[in-house]
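# Working through the structure, step by step
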Amino acid sequence: MRPPENCNLCPLSEGRTNIVMPHGDASSGIVFIGEAPGEKEDLQGIPFVGKAGKILDGFMEEEGLQRSRVVITNTVKCRPPGNRDPTEEEMAACRKFLNSELSDARLIIGLGKSACKNLMGYDGRMADIVNKRTAIEIDGKMIPFIPTYHPSACIYNKSARTVLRETIRTVREELETLE
Ligand code: URA
């Protein structure tokens, strides 16, 4: 389900250039959820094409996971002003669109705090939950969920890089066994 072009369910509509919809291959059943579009994503209408996207692309390449094989999306589809975190209200307003992207997923990866807050209701330290697989309920169905670091958290944090690469390796292995 796509938000209408004139969607104004939350204040993020005021500053957007494009609604940034999921990208990738939904038939894989694997969905990575980031936080929110940044400037480049807003301009191009594609998730993770800016700095964080380059980091994610680099890890995927190193771990042998083709980005085009999985789906990449965000908790909200419009860019928050100044790249601030999306609020709980904004994520809630966009949630029905996100849920429609997740209903057929086999494995969901939450990239960073906003995704984990929105999907797991978790508001603690990421270090305590990263790569600990759990399950979340989407429209009455339990779907495996792996919390991990957001690519931006990896810029100055070597252990976050190790964790995110490990997450991506797990996803690649899982994708191979599903094929
Ligand atoms: N950060 C995100 O969480 N999502 C994007 O699409 C880009 C940067």
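Being a predicted model, the structure only gives us computed values, none of them experimental. (Residues numbered from 1 in each chain as written. Predicted model: local features only at pLDDT ≥ 70, side-chain atom pairs only at ≥ 80, totals over all residues. Heavy atoms only, no water.)

## Some details on the layout of surface pockets
Any empty space left between the atoms is revealed when a probe the size of a water molecule rolls over them. The condition is simple: Only protein atoms enter the 1 Å grid used here. Points where a 1.4 Å probe fits but cannot escape make up a cavity, open sets with protein on both sides within 12 Å along at least five of seven lines make up a pocket, and a residue lines them when an atom lies within 4 Å of a point. Grid points are joined across faces, edges and corners, and a volume is the space filled by probe spheres set on the points. A run of DSSP states H or I qualifies as a helix once it reaches four residues; a run of E qualifies as a strand once it reaches two. Both are numbered from the N-terminal end. Residue polarity follows a fixed list, in which Ala, Val, Leu, Ile, Met, Phe, Trp, Tyr, Cys and Pro are nonpolar, Asp, Glu, Lys and Arg are charged, and the others, Gly among them, are polar.
In this structure, the largest pocket spans a volume of roughly 570 Å³. Forming the walls of the largest pocket are 28 residues, and the residues nearest its centre are Glu 35, Ala 36, Ala 52, His 150 and Ser 152. Broken down by secondary-structure element, the contributors of at least two residues to the lining of the largest pocket are α1 (39-44), α2 (51-63) and α4 (113-120). Split into classes, the residues belonging to the lining of the largest pocket amount to 11 nonpolar, 9 polar and 8 charged.

## What to know about the site of the ligand
The condition that has to hold: Each residue is tested against the molecule or strand, and it is near if at least one of its non-hydrogen atoms lies within 4 Å. Pairs of N or O atoms are called polar contacts if they sit within 3.5 Å, as long as, within protein, a hydrogen donor faces a hydrogen acceptor (for residues adjacent in sequence, only side-chain-to-side-chain pairs). To be clear on the numbers: accessible area is Shrake-Rupley with a 1.4 Å probe, and residue cover counts the displayed protein chains and nothing else.
Within the structure, the ligand sits among Gly 34, Glu 35, Ala 36, Glu 41, Pro 47, Phe 48, Ala 52, Asn 74 and His 150. One of the backbone nitrogen or oxygen atoms of Ala 36 is found 3.1 Å away from a nitrogen atom of the ligand. Side-chain polar atom of His 150 to an oxygen atom of the ligand: 2.7 Å apart, as the coordinates give it. In the complex, the protein chains occlude 92% of the 240 Å² of accessible area that the ligand would expose alone. Taken together, the residues that form the shell around the ligand break down as 4 nonpolar, 3 polar and 2 charged.

## Some points on the sheet that holds strand β1 (residues 23-24)
Our working rule: By this definition, two strands are paired if DSSP reports at least two bridges between them. In what follows, a contact means two residues having at least one pair of non-hydrogen atoms within 4.5 Å. Between the N-to-C directions of two axes lies an angle of 0 to 180 degrees, each axis being a line fitted to C-alpha atoms and, for a helix, fitted only over the stretch in contact.
Spatially, 6 strands are ordered β1-β3-β2-β4-β6-β5 in an open sheet, and the strand pairing comes out mixed. For this open sheet the edge positions go to β1 and β5 (134-138), each flanked by a neighbour on one side alone. Strand direction decides the pairing type here: strand β2 (residues 30-34) and strand β3 (residues 71-74), joined by 4 bridges, are parallel. Residue pairing in the sheet places Ile 33 in a bridge with Thr 73 of β3. Contacting β2, β3, β4 (107-111), β5 and β6 (141-148), helix α3 (residues 88-102) crosses the sheet at an angle of about 155° to β2. Contacting β2, β4, β5 and β6, α4 runs over the sheet at an angle of about 155° to β6.

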